[in-house]
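Architecture and fold: a report
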Amino acid sequence: MPRPAKVPTPPPPGYVWTPEAARRLGRSVKTLWNYAHLDKGPKPVRIGRKLAYKITELDAFLKAEIEGDTSTAAAHDSRPAEPRIARRKPATAAA
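None of the values given here were measured: they were computed from a predicted structure.

1. Section: the packing of helix 1 (residues 18-25) against helix 3 (residues 55-67)
Between helix 1 and helix 3, the least distance of the axes is 10 Å, while the angle of their chain directions is 25°. The pairing of helix 1 with helix 3 is recorded here as roughly parallel in orientation. In this structure, helix 1 meets helix 3 at a crossing whose hand is right-handed. Side by side, helix 1 and helix 3 meet where Ala21, Arg24 and Leu25 of the first sit next to Ile55, Leu58, Phe61 and Leu62 of the second. Partitioned by chemical class, the residues of the contact of helix 1 with helix 3 number six nonpolar, no polar and one charged.

2. What about the environment of Leu62?
Of note, Leu62 is situated in helix 3. The exposure class assigned to Leu62 is partly exposed, which follows from its relative accessible area of 23%. Excluding residues within four positions of it along the chain, Leu62 makes contact with Arg24 and Leu25.

3. Here we look at the sheet that holds strand 1 (residues 15-17)
Spatially, three strands are ordered 1-3-2 in an open sheet, and the strand pairing comes out antiparallel. Here the strands that pair on one side only, and so sit at the sheet edges, are strand 1 and strand 2 (44-47). Pairwise comparison of adjacent strand axes, ignoring direction, gives a mean angle of 40° for this sheet. As judged from the three bridges shared by strand 1 and strand 3 (residues 50-54), these two strands associate in the antiparallel manner. The residue of strand 3 that forms the bridge with Trp17 is Ala52.

4. Observations regarding the packing of aromatic side chains
To describe a pair of aromatic rings, you give the distance between the ring centres and the angle between the ring planes. Evaluation of the coordinates by the stated rule reveals one aromatic pair. Measuring from ring centre to ring centre gives 6.1 Å for Tyr35 and Phe61, while their planes differ by 65°; the resulting arrangement is edge-to-face. On the criterion of sequence distance, the pair formed by Tyr35 in helix 2 (residues 29-37) and Phe61 in helix 3 is long-range, its members being 26 residues apart. With respect to class, Tyr35 is no different from Phe61; both count as buried. Above the ring of Trp17, the side-chain terminus of Lys50 is found at 4.6 Å from the ring centroid.

Parameters at a glance
Residues numbered from 1 in each chain as written. Predicted model: local features only at pLDDT ≥ 70, side-chain atom pairs only at ≥ 80, totals over all residues. Heavy atoms only, no water. Axes fitted to C-alpha atoms, helices over the stretch in contact; angles between N-to-C directions. Helix = DSSP H or I, 4+ residues; strand = E, 2+ residues; numbered from the N terminus. Parallel < 35°, antiparallel > 145°, perpendicular 65-115°, else oblique. Left-handed = near helix turned anticlockwise from the far one by under 90°. Contact = heavy atoms within 4.5 Å. Nonpolar A, V, L, I, M, F, W, Y, C, P; charged D, E, K, R; others polar. Buried < 20%, exposed > 50% of the residue type's maximum accessible area, 1.4 Å probe, protein only. Pairing = 2+ DSSP bridges. Phe/Tyr/Trp six-rings, centres within 6.5 Å; stacked < 30°, edge-to-face > 60°. Lys NZ or Arg CZ within 6 Å of the ring centre and 35° of its normal.

The following block contains the structure:
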């Protein structure tokens, strides 16, 4: 059985692994995994068991976030607030 490499495998040219992407974005690794699961944020590429992020996509995501552009962000999909219903006072019996 071959031994695992002692030197980590470098990412493909123009890509970074998840920990480096998290550092560049100022997010946690867990947040990037959640983004990948929810199809939100920069899109990763699966290479073996790892996720790699394209550096240009990370930069575009940060630029869109700084400028407030919502085209790259997922739309907010929650329900709108329901209107309030005024409560009626109970009728008092005339004695």
